[in-house]
Amino acid sequence: MQIYPDKADFDAAVDPFTTLIGVEVSSLADIPEGMVSHTIPEGTFAKVTHKGPETNLGETYGFLYGSWLCESGYEYAGFDFEYWDERYKPEQEDNGIDIYVPLFK
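These notes cover the structure that comes with them. Owing to the predicted nature of the structure, the values given are computational and were not obtained by experimental measurement.

### Structural notes on the side chain of Asp 15
Here Asp 15 lies in the loop between strand E1 (2-3) and strand E2 (18-19). Classification of Asp 15 as buried rests on a relative accessible area of 15%. A polar side-chain atom of Asp 15 sits 3.0 Å from a polar atom in the side chain of Lys 7. When neighbours within four sequence positions are excluded, Asp 15 is seen to be in contact with Lys 7, Asp 9 and Phe 10.

### Let's talk about a nonpolar patch on the surface
A contiguous nonpolar surface patch, about 490 Å² in accessible area, is contributed by Val 23, Val 25, Leu 28, Ile 31 and Met 35. A relative accessible area of 36% means that Ile 31 is categorised as partly exposed.

### Observations regarding the side chain of Asp 98
By secondary structure assignment, the location of Asp 98 is in strand E6 (residues 96-104). Judged by its relative accessible area of 5%, Asp 98 falls in the buried class. Among the polar contacts made by the side chain of Asp 98, one reaches the side chain of Thr 49 at a distance of 2.7 Å. Looking at Asp 98, its side chain comes within polar contact range of the side chain of Arg 87, at 2.8 Å. With sequence-adjacent residues up to four places away left out, Asp 98 is seen in contact with Lys 47, Val 48, Thr 49, Phe 81, Glu 82, Tyr 83 and Arg 87.

### Quick notes on the pattern of salt bridges
On inspection of all chains with the given rule, the structure shows five salt bridges. We note a salt bridge from Arg 87 to Asp 98, for which the minimum N-O separation is 2.8 Å. Of this pair, Arg 87 sits in the loop between strand E5 (79-83) and E6 while Asp 98 sits in strand E6, and the two are 11 residues apart along the sequence. A salt bridge links Lys 89 to Asp 94, with the nearest nitrogen and oxygen atoms 3.0 Å apart. The partly exposed category is assigned to Asp 94, whose relative accessible area is 47%. When salt bridges that share partners are traced, they join Lys 47, Asp 85, Arg 87 and Asp 98 into one network.

### Quick notes on the pairing of E5
Here E5 lies mainly inside the structure; four of its five residues are buried. Here E1 runs beside E5; their pairing, made up of two bridges, is antiparallel. Bridge pairing in E5 places Gln 2 opposite Asp 80. Relative to E6, E5 runs antiparallel, the two being bridged by three bridges. Note that in E6 the partner of Glu 82 across the bridge is Ile 99.

Criteria and thresholds
- Residues numbered from 1 in each chain as written.
- Predicted model: local features only at pLDDT ≥ 70, side-chain atom pairs only at ≥ 80, totals over all residues.
- Heavy atoms only, no water.
- Helix = DSSP H or I, 4+ residues; strand = E, 2+ residues; numbered from the N terminus.
- Buried < 20%, exposed > 50% of the residue type's maximum accessible area, 1.4 Å probe, protein only.
- Polar contact = N/O pair within 3.5 Å; in protein donor to acceptor, adjacent residues only side chain to side chain.
- Contact = heavy atoms within 4.5 Å.
- Patch = residues over 30% accessible without salt bridge, like charges linked within 9 Å, V, L, I, M, F, W, Y side chains within 5 Å.
- Areas by Shrake-Rupley, 256 points an atom, 1.4 Å probe, with all protein chains shown as cover.
- Salt bridge = Lys/Arg side-chain N within 4 Å of Asp/Glu carboxyl O.
- Pairing = 2+ DSSP bridges.

Bear in mind that shape data such as this cannot, by itself, settle questions of function.
Structure below.
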């Protein structure tokens, strides 16, 4: 998950942001020492699947934020997250990464 600063001219290529690596759990009761919990809020999400080498992921984000979001009528909620599963094969053509972007009107 990437959490971005509330900055009008934010550029992920040069500006710092927070990255969380996580796993879904059924309970927050026993969080191991040194780890934190983070709850993704309920809401409407756009789901885009990046297909192809991970080095081309920037093109998918460019489409998502550069044209689709602007034309969708939705506003950006300040974070997104990627879901990697058995399709994740970083530099192979059959790689798949789901990108979720929360949206609001």
